[in-house]
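Coordinate analysis (summary)
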Amino acid sequence: FISREAVSAVSQQLSRATAMLLGPGFGLEQTTKDFLVNLFEGSLPPLVVDADGLKLMAQIPGWNKKLPELSVLTPHPGEMSILTGLSTVAIQKDRNEIAAKYAREWGQVVVLKGAFTVIAAPDGRIAILPIASAALARAGTGDVLAGIITGLRAQGVEAFEAAAAGAWIHAQAGLAALEEVGSTASILAGDVLDCINDV
């Protein structure tokens, strides 16, 4: 059980934060969902939501109205399926339109991960990353992407621009890691992370 006092203590510390990432490593426990429900009642800094954060958030009625304006959501097709109720087949069939539609409906920036990652803003802007590599699909690499975007948001970069730049940096770091390691099967998230500074 996570008390409201605990959430209040966290919320007080958030007043100093310039950005926040929710989701990686969260797990799917009811107590974590309860924590998010209570957290969403307060004032939050610019937000990036990934991984388990997306899955838990989908269980909260009216979640898109509880997020700060222009939060960045970074689902892969399976997580997008959970958020929308659409099948992954339907999502993959029309990735650009699906990302754009839900960015508009939710009022948030959507980064639909996968081959040719799509970044969509509520105002209709869309960017497509012209890269498809298994080097970017290893476990944990999505967490690296979410961290890059959060770091850019923390430095004051606007949501859509942070998402697009973060996706590009992440992709280039994945390709650089592939060049160093030599095989997509051998790349770890840490290899991608190690290449970010060079990119």
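Details of the structure are given in the entry above.
All values derive from a computational prediction rather than experimental measurement. (Residues numbered from 1 in each chain as written. Predicted model: local features only at pLDDT ≥ 70, side-chain atom pairs only at ≥ 80, totals over all residues. Heavy atoms only, no water.)

Looking at the packing of aromatic side chains
Using the criterion set out here, one finds two aromatic pairs in the structure. Arranged with centres 5.0 Å apart and planes meeting at 40 degrees, the rings of Tyr 102 and Trp 106 form a pair that is tilted. In this pair, Tyr 102 and Trp 106 are both assigned in helix α7 (residues 95-106), four residues apart and thus about one turn of the helix distant. Of the two residues, Tyr 102 and Trp 106, both sit in the buried class. (Phe/Tyr/Trp six-rings, centres within 6.5 Å; stacked < 30°, edge-to-face > 60°. Helix = DSSP H or I, 4+ residues; strand = E, 2+ residues; numbered from the N terminus. Buried < 20%, exposed > 50% of the residue type's maximum accessible area, 1.4 Å probe, protein only.)

Overview of the layout of surface pockets
Its volume calculated, the largest pocket comes out at about 410 Å³. What lines the largest pocket is a set of 25 residues, among which Lys 113, Leu 136, Ala 137, Thr 141 and Gly 142 lie closest to the centre. Here the lining of the largest pocket is built from residues that sort into 12 nonpolar, eight polar and five charged. (1 Å grid on protein atoms, 1.4 Å probe; cavity = no way out; pocket = protein on both sides within 12 Å on 5 of 7 lines; lining within 4 Å. Points joined across faces, edges and corners; volume = space filled by probe spheres on them. Nonpolar A, V, L, I, M, F, W, Y, C, P; charged D, E, K, R; others polar.)

Considerations on the side chain of Thr 117
Secondary-structure assignment places Thr 117 in the loop between β4 (109-112) and β5 (118-120). Side-chain polar atoms of Thr 117 contact the backbone oxygen of Gly 114, separated by 3.0 Å. Every residue in contact with Thr 117, bar those within four places of it in the chain, is listed here: Arg 95, Val 111, Leu 112, Ala 127, Ile 128 and Leu 129. (Polar contact = N/O pair within 3.5 Å; in protein donor to acceptor, adjacent residues only side chain to side chain. Contact = heavy atoms within 4.5 Å.)

A look at the pattern of salt bridges
For the coordinates displayed, the defined rule picks out seven salt bridges. Between Arg 125 and Glu 161 there is a salt bridge; the shortest N-O distance is 3.0 Å. Residue Arg 125 is located in the loop between β5 and β6 (126-128), and its partner Glu 161 is located in helix α9 (residues 159-181); the two are separated by 36 residues in the primary sequence. (Salt bridge = Lys/Arg side-chain N within 4 Å of Asp/Glu carboxyl O.)

Just geometry here; none of it tells us what the structure is for.
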